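Chain by chain, the residues run as shown.
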Amino acid sequence: MLARSPGRVNLIGDHTDYNDGLALPMAIDLGTSVTFVPDGGDRVVVHSQGRAGPAEVDLEVGLDPHRLRTLEPAWARYVAAVVATVRPDHGGRGWVRSTLPAGAGLSSSAALEVALALALGLRGEPLSVARTCQRAEHAATGVPTGLMDQLTVTASRPGHALLVDFARLTTADVALPEHAEVVVVHSGEARTLEASAYAARRAECEAAARGLGPLGAVDATTAGAVTDPVLRRRARHVASECERVRAVAAAFGAGDLAAAGACMTESHRSLAEDFEVSTPTLDALVGWLVRRPGVLGARLTGAGFGGCVVALTEPGALDPAALPTPAWRVRAAGGARVAAVG
Ligand code: ADP
Ligand code: MG
């Protein structure tokens, strides 16, 4: 079996998925492939190009997070967690190749989980595959991440971003205007604090939601009336971010890229000031990018604390090769696929 999964970049809507809010990510033309050759054995042995390994996993490996998180090499934890959730009935040998940078916020982890799960025989609707892989990610990492990454890499259509409503778990394809260009720029900063800060933000959102209900359904005025100043800012980010997601989807529909870009830059300000998940490096990169001619907007993308910035530009405004840190001009790709080969 040969399975391929794209990575993804989130155009707008960060820290909204676990708040029953909205996001507008797109699958990208960088991704991960897994070739899997079954044998009669009771182990899954996976090699990954350029990485220490292989990852060797017993078919009977359980979903016990404490055991999973002691496995080495560390990437074997994802392999073991996917084997434990997919529960294939035969072992075999797999090979992973990827064009995605790992740990940059382009969902190399979801791409690995989804490609491996499909190669091991998991089938189903995008939402059900995404949920299985989200369970695997939780077990492998201990970080209570939302469903955005897995859903985007399973459910996207070429040429379209994916408007996701996390309260209803519904998706809608939003065509990207022809003249829109999306450039992802690495900040050069690894995402170090991410796991602990992510859990802290999640807890703050839950605290705010105890009084207000799910923050994704709250309007900005209600969020602004929260008494606790920290919880007020967290709620205000989620509420205003969902409004911006709607506004960007509408702006794409109207071909108004300037309006979409302005929402993206405003999203960065909200993530930095109200949600406090930016860093001075990310702020400086966004500030520098939005001053370039033809750059319509830019924001940190993903959970924050390092990683990548996404910019919306006019055609040719940013040359990835001329930027000081790794950068990619990305196209909206389709979701993960699997086929029998050989
Ligand atoms: P992101 O998903 O934003 O790239 P994560 O920290 O969520 O960042 O996931 C990165 C981790 O996923 C890597 O450290 C590695 O363990 C695993 N991973 C991603 N791609 C591969 C690959 N091609 N081969 C092996 N492991 C991978
Ligand atoms: Mg990830």
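Now for a quick tour of the structure. (Residues numbered from 1 in each chain as written. Chains lettered and ligands numbered in written order. Predicted model: local features only at pLDDT ≥ 70, side-chain atom pairs only at ≥ 80, totals over all residues. Heavy atoms only, no water.)

**Re the site of ligand 1**
Item 1. The environment of ligand 1 is formed by 17 residues, the closest being Ser48, Gly103, Gly105, Ser108 and Arg191.
Item 2. Between ligand 1 and the protein, one listed contact pairs a nitrogen atom with a side-chain N or O atom of Ser48 at 2.6 Å.
Item 3. Protein burial of ligand 1: of its 560 Å² of free accessible surface, 83% is covered by the chains.
Item 4. Spatially, ligand 1 is embedded in the largest pocket.
Item 5. Among the secondary structure elements, those contributing two or more residues to the shell around ligand 1 are β5 (92–98) and α3 (108–119). (Near = heavy atom within 4 Å. Polar contact = N/O pair within 3.5 Å; in protein donor to acceptor, adjacent residues only side chain to side chain. Areas by Shrake-Rupley, 256 points an atom, 1.4 Å probe, with all protein chains shown as cover. 1 Å grid on protein atoms, 1.4 Å probe; cavity = no way out; pocket = protein on both sides within 12 Å on 5 of 7 lines; lining within 4 Å. Sits in = over half its atoms within 2 Å of the grid points. Helix = DSSP H or I, 4+ residues; strand = E, 2+ residues; numbered from the N terminus.)

**Quick word on the layout of surface pockets**
Item 1. Size it by volume and the largest pocket reaches roughly 1000 Å³.
Item 2. Lining the largest pocket are 42 residues, and of these Tyr78, Gly103, Ser108, Ser109 and Arg191 sit closest to its centre.
Item 3. Those elements that provide at least two residues to the lining of the largest pocket are α2 (76–86), β5, α3, α4 (126–141), α5 (148–155) and α6 (194–212).
Item 4. Looking at side-chain class alone, the lining of the largest pocket contains 17 nonpolar, 14 polar and eleven charged residues.
Item 5. The calculated volume of the second largest pocket comes to roughly 240 Å³. (Points joined across faces, edges and corners; volume = space filled by probe spheres on them. Nonpolar A, V, L, I, M, F, W, Y, C, P; charged D, E, K, R; others polar.)

**A closer look at the nonpolar core**
Across soluble globular proteins, you tend to see nonpolar side chains buried next to one another.
Item 1. In terms of nonpolar packing, the biggest core is built from 67 residues, with Val9, Leu11, Met26, Val182, Phe252 and Val330 touching the most fellow members.
Item 2. Residues Leu68, Leu122, Val129 and Ala140 belong to the second largest nonpolar core, which totals 37 residues. (Core = buried A, V, L, I, M, F, W, Y, C linked by side-chain atoms within 4.5 Å. Buried < 20%, exposed > 50% of the residue type's maximum accessible area, 1.4 Å probe, protein only.)

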